[in-house]
Amino acid sequence: MSKSRKVLYTLSLFLFLQGCFPQQALDNGSQTLEVKITPPPTVTTAPPAMPTAVPTTSVEPPSTVEPQVTITAVKGNLYIRRGPGLPYNQIGVLYTGTSARIIGQDVLARWVQIRIPNSEHTGWVSVMTDVTRVDGDLDGVPNFTFTEWPLPAYVKNCTEHDLVLEPGDIYLFSLWTNARYLNEVQVDPGVYTAYDLFVPGAPEVQKVDIKEGMTVYLTVNGLGVRHKCP
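Residues numbered from 1 in each chain as written. Predicted model: local features only at pLDDT ≥ 70, side-chain atom pairs only at ≥ 80, totals over all residues. Heavy atoms only, no water.

(A) Fine view of the overall build of the protein chain. For the protein chain, the count of helices and strands is 1 helix and 17 strands. Sequence-distant contacts in the protein chain: of pairs separated by 6 or more residues, those separated by 24 or more amount to 55%. Only carbon and sulfur atoms are counted for the fraction: they give 57% of the accessible area of the protein chain, which is about 16300 Å². (Helix = DSSP H or I, 4+ residues; strand = E, 2+ residues; numbered from the N terminus. Contact = heavy atoms within 4.5 Å. Areas by Shrake-Rupley, 256 points an atom, 1.4 Å probe, with all protein chains shown as cover.)

(B) Local environment of the sheet that holds strand 13 (residues 170–172). Taking strand neighbours across the sheet as the criterion, the 4 strands line up as 13-12-15-16 in an open arrangement whose pairing is antiparallel. Edge positions in the sheet fall to strand 13 and strand 16 (204–210), since each has one partner strand and no second. Adjacent strand axes in the sheet meet at a mean angle of 25°, parallel and antiparallel pairs treated alike. Looking at chain direction, strand 15 (residues 190–196) and strand 16 are connected through 6 bridges and run antiparallel. (Pairing = 2+ DSSP bridges. Axes fitted to C-alpha atoms, helices over the stretch in contact; angles between N-to-C directions.)

(C) Just the sheet that holds strand 17 (residues 215–218), in detail. Within the open sheet, the 3 strands sit side by side as 14-11-17. Their pairing is mixed. The sheet terminates laterally at strand 14 (184–187) and strand 17, the two strands that pair on one side only. Each adjacent strand pair in this sheet contributes to an overall mean axis angle of 20°, direction not counted. Examined bridge by bridge, strand 11 (residues 153–157) and strand 14 share 4 bridges and lie antiparallel to one another. Bridge pairing links Y154 to Q186 in strand 14.

(D) Expanded view of the pattern of salt bridges. Counted under the stated rule, the structure contains 4 salt bridges. Notably, a salt bridge pairs R82 with E148, separated by 3.1 Å at the nearest N-O pair. Pair noted here: R82 is in the loop between strand 4 (78–81) and strand 5 (90–94) and E148 is in the loop between strand 10 (143–144) and strand 11, with a separation of 66 residues, a long-range link. Residue class for R82 comes out partly exposed when judged on its relative accessible area of 25%. (Salt bridge = Lys/Arg side-chain N within 4 Å of Asp/Glu carboxyl O. Buried < 20%, exposed > 50% of the residue type's maximum accessible area, 1.4 Å probe, protein only.)

(E) Here's a closer look at the state of the cysteines. With the rule as written, the count across this model stands at 1 disulfide. Between the sulfur atoms of C158 and its disulfide partner C229 the distance amounts to 1.2 Å. Handedness here is read from the sign of the S-S torsion; for C158 and C229, about 80°, the answer is right-handed. One end of the pair, C158, is in the loop between strand 11 and strand 12 (163–166); the other, C229, is in the segment after strand 17, and 71 residues separate them in sequence. You can call C158 buried: its relative accessible area is 0%. (Disulfide = S-S within 2.5 Å.)

(F) Seen up close, the packing of aromatic side chains. By the definition in use, this model includes 4 aromatic pairs. Ring centres 5.6 Å apart and planes at 85° place the aromatic pair Y88 and F146 in the edge-to-face group. Here F146 lies in the loop between strand 10 and strand 11 and Y88 lies in the loop between strand 4 and strand 5, a separation of 58 residues in the sequence. The same class applies to Y88 and to F146, which are both buried. Here the aromatic rings of W124 and F144 are separated by 5.4 Å at their centres, their planes lie at 65°, and the arrangement is edge-to-face. With W124 in strand 8 (residues 122–126) and F144 in strand 10, this pair connects stretches of sequence that are 20 residues apart. A relative accessible area of 1% means that W124 is categorised as buried. Site record: aromatic cluster; members linked through ring pairs are Y88, W124, F144 and F146. (Phe/Tyr/Trp six-rings, centres within 6.5 Å; stacked < 30°, edge-to-face > 60°.)

(G) Highlighting the nonpolar core. I71, L94, I102, V112, I114 and V125 are the most contacted members of the largest nonpolar core, which has 16 residues in total. Elements represented by at least two residues in this core include exactly strand 3 (70–73), strand 4, strand 6 (99–106) and strand 7 (111–115). In terms of nonpolar packing, the next biggest core, distinct from the first, is built from 15 residues, A153, L163, V185 and I210 among them. (Core = buried A, V, L, I, M, F, W, Y, C linked by side-chain atoms within 4.5 Å.)

Dropping the structure here:
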């Protein structure tokens, strides 16, 4: 075999062996191992879990309980007035044996505000009377001052006889005393009856229903004689 063919044969054998052992290489007579580097696995990070809502318990403020205080008419009927005092108009009656709830009291007088029975309205009654009974503690009832003042009411005697008004035993002098205003008096609203003191038996001469702001004239005496007021 010629020298050139030996070289070619040797080179072919080298290339064949290089293909059969791809992971081996010769470097200055030393064998070097080829290391394959595997990339780290991809780590998938899950999104953070949403926090679970914890149900809250609502705390309601303690309710204000109105005191249960009542007033009862025990020995007679009691007028209910629009304000805390006799000079105010009568707007109802608290009948004997009937109770009403007290919802307020005037700070200047011993009058209490009530819910009128069988009604949506309110009114005032006095606790300074022996015909009523209060059940409960008035100290827990709200205080306030009623600032709407009453309108004055008057009765004037226009006859020539002296008269008396009942209830109240209110004396009215005759017209001849008009110069001194003794024949005119201021009264509380209500129903009154006039009697003639100059006629035997003091007969009834007139019945009047007086309201706030009114002036009522008595013009008939016990003999049936009518007079005009000057």
